[in-house]
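# An overview of the molecular structure
These are the residues of each chain, in order.
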Amino acid sequence: MGFGQPLVTGWKQTRVARSATGDQGSCDLREVVNALLYQNRTGCQWRLLPHDLPAWSAVLYCFTLWRKRA
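Summarised in this report is the structure supplied together with it. (Residues numbered from 1 in each chain as written. Predicted model: local features only at pLDDT ≥ 70, side-chain atom pairs only at ≥ 80, totals over all residues. Heavy atoms only, no water.)

Along the polypeptide, Gln 39 turns up in helix α2 (residues 29–42). Each C-alpha atom of the pair Gln 39 and Pro 50 lies 9.7 Å from the other, and the pair is 11 residues apart in sequence. Contact partners of Gln 39, with chain neighbours within four places excluded, come to Cys 44, Trp 46 and Leu 49. (Helix = DSSP H or I, 4+ residues; strand = E, 2+ residues; numbered from the N terminus. Contact = heavy atoms within 4.5 Å.)

Structure below.
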């Protein structure tokens, strides 16, 4: 298991359990974490995240949810 994997897996299981439809989500949460690390290191604007990472709006959405829980 990689660094941060239990945190990401646990959050995803909780999210799916709360979902009325059981939706798994459309993006890989590990890639969301990679995008957050990239944004933190470079300081780029959300809309300027590289296109090989998840959509900036999905990354920002996860970030705001995680920040509220911290």
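After that view of the structure, there is still more to cover.
This next bit is on the packing of aromatic side chains. Under the counting rule described, the total for this entry stands at 1 aromatic pair. Measuring from centroid to centroid gives 5.6 Å for Trp 46 and Phe 63, while their planes differ by 45 degrees, and the two rings are tilted. Here Trp 46, found in the loop between α2 and α3 (56–69), pairs with Phe 63, found in helix α3; they are 17 residues apart in sequence, far enough to count as distant. Among the residues examined, Trp 46 registers a relative accessible area of 21% and is labelled partly exposed. (Phe/Tyr/Trp six-rings, centres within 6.5 Å; stacked < 30°, edge-to-face > 60°. Buried < 20%, exposed > 50% of the residue type's maximum accessible area, 1.4 Å probe, protein only.)

With that settled, consider the nonpolar core. Leu 29, Val 32, Ala 35, Leu 36, Cys 44, Leu 49, Leu 53, Val 59 and Cys 62 together form the largest nonpolar core, which totals 9 residues. Those elements giving two or more residues to this core turn out to be α2 and α3. Ranked by the residues each element gives to this core, the list is headed by α2, at 4 residues. Once residues lying within four places of it in the same chain are set aside, the contact partners of Cys 44 are Tyr 38, Gln 39 and Leu 49. (Core = buried A, V, L, I, M, F, W, Y, C linked by side-chain atoms within 4.5 Å.)

Right, let's get into the packing of α2 against α3. Running from N to C, α2 and α3 cross one another at 85 degrees; their axes reach a closest spacing of 10 Å. Comparing the axis directions of α2 and α3 gives the class roughly perpendicular. For the pair formed by α2 and α3, the contact residues are Leu 29, Val 32, Val 33, Ala 35 and Leu 36 on the first element and Val 59, Cys 62, Phe 63 and Trp 66 on the second. (Axes fitted to C-alpha atoms, helices over the stretch in contact; angles between N-to-C directions. Parallel < 35°, antiparallel > 145°, perpendicular 65-115°, else oblique.)

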